[in-house]
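Per-entry structural report
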Amino acid sequence: MTLALDKPRAPRRPSARRSNFELASWLFMRISGLALIVLVLGHLLIMNILDGGVHRINFAFVAGRWSSPFWQFWDLSMLWLAEIHGGNGLRTVINDYARKDATRFWLKIMLYVSMVLILALGSYVIFTFDATIPTTN
Amino acid sequence: MGGTPISKSISDVGGLLPMSDSAVATEQVPPRGSRRTGTLYRGDPGMWSWVAHRITGVLTFFFLFAHVLDTALVRVSPNAYDEIIGTYKTPVVNLLEVGLVGAVLYHALNGLRVMLVDFWSRGPKFQKPMLWTIIGIWVVVMVPGAYFMLERTARDLFGGN
């Protein structure tokens, strides 16, 4: 990664920098952040604070919530927005603090692999949830 | 990311210029090359709000990783899920949940402040009063929040009715 700086008063940017990815990333953090304020604070309020909080959560509680498409959609949106928002934040942190190109590369590979794993597993669980799954020992 | 006033003391890093911060403006400028006093940038509250935003964000991201894995146990069996959720109800983890809610709430409130700094024309001018405001809101929400989260655990641990 080399940082190409414009010459002072350069009329146009070097062609290598003509991607707007970082602008899109910056904007995404703000838009998803706004949605996550509702989704995550609502989730924490219901799951941790109201009506006994975490002590009333069990399989039956989850089955009751995911019988409603509203909460399925809530949780799926929250999963995707939070994972991409958090992953993009961690990408920024890695870019800021990793000193060697190789370290930065491998940390980001680990980050992207974990994001794909979590998004795939979480989506799979929401889409295939089965309230009648048998109890095991 | 965003909204952090860092420009003020960049020129102070080398200790070549006196600090412009009012708290130290009356101090004597240390002799050139002295590293002992006055040349370390200790930060505006805006910088610390940015540090706290990063730390709470990274911690929340790691928790999300663990949380999706534990929730995935609903696809294994009801008792596998109930068992892992049981750890969330233990006193130590219950206390960590208060920390999680506090971290997420700070990140949410400060994120709003960053957006106001970025998009509101008068946001940069009010960044510091907005920081005190979100800290005030955080305390007002966390005191009853922590009470409801810990009530059951405190009752189980210390008796009562």
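Each remark here, short or long, concerns the structure printed above.
A brief look at the structure comes next.

Cut-off values and rules
Residues numbered from 1 in each chain as written. Chains lettered and ligands numbered in written order. Predicted model: local features only at pLDDT ≥ 70, side-chain atom pairs only at ≥ 80, totals over all residues. Heavy atoms only, no water. Helix = DSSP H or I, 4+ residues; strand = E, 2+ residues; numbered from the N terminus. Contact = heavy atoms within 4.5 Å. Areas by Shrake-Rupley, 256 points an atom, 1.4 Å probe, with all protein chains shown as cover. Buried area = accessible area lost by both parts, 1.4 Å probe. Salt bridge = Lys/Arg side-chain N within 4 Å of Asp/Glu carboxyl O. Polar contact = N/O pair within 3.5 Å; in protein donor to acceptor, adjacent residues only side chain to side chain. Nonpolar A, V, L, I, M, F, W, Y, C, P; charged D, E, K, R; others polar. Buried < 20%, exposed > 50% of the residue type's maximum accessible area, 1.4 Å probe, protein only. Patch = residues over 30% accessible without salt bridge, like charges linked within 9 Å, V, L, I, M, F, W, Y side chains within 5 Å. Core = buried A, V, L, I, M, F, W, Y, C linked by side-chain atoms within 4.5 Å.

Next up on the list: the overall build of chain B. For chain B, the helix and strand inventory stands at 4 helices and 0 strands. Put simply, chain B runs from its N terminus to its C terminus through helices and strands in the order α-α-α-α. By sequence separation, contacts in chain B at least 24 residues apart represent 61% of the contacts at least 6 residues apart. Surface exposure of chain B reaches about 9,800 Å², of which carbon and sulfur atoms provide 69%.

Our next topic: the interface of chain A and chain B. Listed by partner, the interface residues are 47 residues for chain A and 43 residues for chain B. With both chains or domains summed, chain A and chain B bury close to 3,800 Å², and 73% of this area falls on carbon and sulfur atoms. Its largest share of buried area at the contact with chain B, chain A owes to A:Arg30, A:Ile49 and A:His55, together 18% of the area lost on that side. Put simply, B:Asp118 and A:Arg30 hold a salt bridge, and the shortest N to O gap is 2.7 Å. Our count for the contact surface shared by chain A and chain B stands at 6 residue pairs in polar contact (both at pLDDT 80 or more). Every element with two or more residues in the side of chain A that touches chain B is listed here: α1 (21-49), α2 (59-65), α3 (69-97) and α4 (101-128) of chain A. Ranked by residues supplied to the side of chain A that touches chain B, first place goes to α1(A) with 12 residues. Class assignment for the residues of the side of chain A that touches chain B results in 29 nonpolar, 14 polar and 4 charged.

As a further point, take unusual backbone geometry. Residue and element names in this part refer to chain A. Within the chain, Asp51 stands out as a residue other than glycine whose phi angle is a positive 55 degrees. Of note, Asp51 is situated in the loop between α1 and α2. Relative accessible area serves as the criterion here: at 66%, Asp51 is assigned to the exposed category.

Another point: a nonpolar patch on the surface. Residues and elements named next belong to chain A. Residues Phe105, Trp106, Ile109 and Val113 make up a contiguous nonpolar surface patch of about 410 Å² in total accessible area. Structurally, Val113 can be placed in helix α4. Val113 sits in the exposed class, given a relative accessible area of 52%.

Moving on, we come to the nonpolar core. A:Val40 and A:Leu44 are the most contacted members of the largest nonpolar core, which has 25 residues in total. Elements that contribute at least two residues to this core include exactly α1, α3 and α4 of chain A together with α1 (45-71), α3 (91-119) and α4 (127-158) of chain B. Among the elements that take part in this core, α3(B) stands out by supplying 7 residues, more than any other. Ignoring sequence-local partners within four residues, the contact set of A:Leu44 consists of A:Ile49, B:Leu100, B:Val101 and B:Val104.

Moving on to the environment of B:His107. Following the sequence through the fold, B:His107 ends up in helix α3. Through-space distance from the C-alpha of B:His107 to that of B:Ile55 is 9.2 Å; in sequence the pair is 52 residues apart. Residues in contact with B:His107, not counting those within four places in the same chain, are A:His85, B:His53, B:Thr56 and B:Gly57.

A separate point is the environment of B:Lys128. Residue and element names in this part refer to chain B. Among the secondary structure elements, Lys128 is positioned in helix α4. Accessibility expressed as a relative area gives 32% for Lys128, which makes it partly exposed. Placed 83 residues apart in sequence, Lys128 and Pro45 show a C-alpha to C-alpha distance of 7.5 Å. Each residue touching Lys128, except ones within four places of it in the same chain, is listed here: Asp44 and Pro45. A polar contact of 3.3 Å, which involves the side chain of Lys128, links it to the side chain of Asp44.

Here we take up the pattern of salt bridges. Residue and element names in this part refer to chain A. Evaluated as defined, the whole model comprises 7 salt bridges over all chains. Across the pair Glu22 and Arg91 runs a salt bridge, and its minimum N-O distance is 3.0 Å. Residue Glu22 is found in helix α1, and its partner Arg91 is found in helix α3; the two are separated by 69 residues along the sequence. Residue classification places Glu22 among the partly exposed positions, given a relative accessible area of 48%. Exposure remark for Arg91: the relative accessible area of 8% places this residue in the buried category. Two residues, Arg56 and Asp51, come together in a salt bridge whose shortest N-O distance is 3.7 Å.

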